[in-house]
Amino acid sequence: MPFETLNVDPETLFRVERSGQPLVVYECKLEGVPCGMFVEGTTSAVSAHLRGHGITGPGNARITCLWTGCSKRLNREGMTRHILTHLGVKVRCTMCRAVKCRLDLLRAHIRSSESCHFARVGIVHGPEGRFLYPTSWTTTHQV
């Protein structure tokens, strides 16, 4: 089965090659500024990608989401978390398996639930995520 070429930034490619492990990436669907890039579904990666699209400025600046099919108005500081909801990325408590849409909500759950105090955060990948494999996998793994 042939591999699909995914257009990612050099830093993401370096990270996947260095770790030797696949990463899940998502297609950028910002309207009006098609970049054809795939971005990792993390807060830091999405934030950097948005800056590359010129979505910058004061955190309290009101902006409109440019994601395909969305026109929600929100503060610029909340745009990264908002984009993660479009990607479908969620977080899971490793103790009770509760799933939350935002990391801050999961951390509050872990703090407030006595049985989950020693839990870690698990990632639930969105439905449109695609695996980005290190080049070494093409010869050593059947993917």
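Below is a summary of the structure that appears in this document. Remember, predicted model here, so these are calculated numbers, not experimental data.

**Details of the overall build of the chain**
1) Next: Counting secondary structure elements, the chain contains five helices and eight strands.
2) Next: Beginning at the N terminus, the succession of helices and strands in the chain can be written as α-β-β-α-β-β-α-β-β-α-β-β-α.
3) Next: Seen through its C-alpha atoms, the chain measures out along the principal axes to roughly 45 × 45 × 25 Å.
4) Next: Looking at the chain as a whole, 35% of its 143 residues are labelled buried.
5) Next: Across the chain, the fraction of contacts at a sequence separation of at least 24, relative to all contacts at a separation of at least 6, is 50%.
6) Next: A total of about 9,100 Å² of accessible surface is found on the chain, and carbon and sulfur atoms cover 53% of it.
7) Next: Seen as two clouds, the 18 positive and the 11 negative side-chain charges of the chain have centres 8 Å apart.

**A short note on the sheet that holds strand E8 (residues 130-132)**
1) Next: The strand order across the open sheet formed by three strands is E2-E1-E8, and the pairing between neighbours is antiparallel. Since the sheet does not close on itself, it has two edges, and those belong to strand E2 (38-40) and E8, each with one partner. The mean angle between the axes of side-by-side strands here comes to 50°, regardless of whether they run parallel or antiparallel.

**Notes on the sheet that holds strand E7 (residues 121-124)**
1) Next: Across the sheet, three strands lie side by side as E6-E5-E7; this open sheet has antiparallel pairing. The open sheet is flanked by strand E6 (99-100) and E7, the only strands paired with a single partner.
2) Next: Relative to E6, strand E5 (residues 90-93) is paired through two bridges, and the arrangement is antiparallel. In the strand pairing of E6, Val-91 is matched with Lys-100.

**A look at the pattern of salt bridges**
1) Next: In the structure shown here, the tally under the stated rule is five salt bridges.
2) Next: Salt-bridge contacts for Arg-81 lead to Asp-104; the nearest nitrogen and oxygen are separated by 3.6 Å. Of the two residues, Arg-81 sits in helix H3 (residues 79-87) while Asp-104 sits in helix H4 (residues 103-112), which places them 23 residues apart along the sequence.
3) Next: Among the charged side chains, a salt-bridge network with shared partners connects Glu-11, Arg-15 and Glu-40.

**A word on H4**
1) Next: Looking only at H4, the buried set comprises Leu-106, His-109 and Ile-110. The buried residues of H4 occupy one face: seen down the axis, they fall within an arc of 95°. Every exposed residue of H4 that faces more than 90 degrees away from the buried side is listed here: Arg-111 and Ser-112.
2) Next: On its buried face, H4 is in contact with E5, E6 and E7.

**A short note on the nonpolar core**
1) Next: Judged by nonpolar contacts, the single largest core of 16 residues is most densely connected at Leu-30, Leu-50, Cys-65, Trp-67, Ile-83 and Leu-87.
2) Next: Residue assignment for this core shows that the elements contributing at least two residues are strand E1 (23-27), helix H2 (43-52) and H3.
3) Next: With four residues, the top contributor of residues to this core is H3.
4) Next: Contacts of Leu-87, omitting those with residues within four sequence positions, involve Tyr-26, Glu-27, Gly-41, Val-46, Trp-67, Gly-126 and Pro-127.
5) Next: Grouped together as the second largest cluster of nonpolar side chains are seven residues, Leu-6, Val-16, Leu-23 and Val-25 included.

Conventions and cut-offs
- Residues numbered from 1 in each chain as written.
- Predicted model: local features only at pLDDT ≥ 70, side-chain atom pairs only at ≥ 80, totals over all residues.
- Heavy atoms only, no water.
- Helix = DSSP H or I, 4+ residues; strand = E, 2+ residues; numbered from the N terminus.
- Buried < 20%, exposed > 50% of the residue type's maximum accessible area, 1.4 Å probe, protein only.
- Contact = heavy atoms within 4.5 Å.
- Areas by Shrake-Rupley, 256 points an atom, 1.4 Å probe, with all protein chains shown as cover.
- Lys, Arg positive; Asp, Glu negative; His and termini not counted.
- Charge placed at Lys NZ, Arg CZ, Asp CG, Glu CD.
- Pairing = 2+ DSSP bridges.
- Axes fitted to C-alpha atoms, helices over the stretch in contact; angles between N-to-C directions.
- Salt bridge = Lys/Arg side-chain N within 4 Å of Asp/Glu carboxyl O.
- Arc of directions from axis to C-beta.
- Core = buried A, V, L, I, M, F, W, Y, C linked by side-chain atoms within 4.5 Å.

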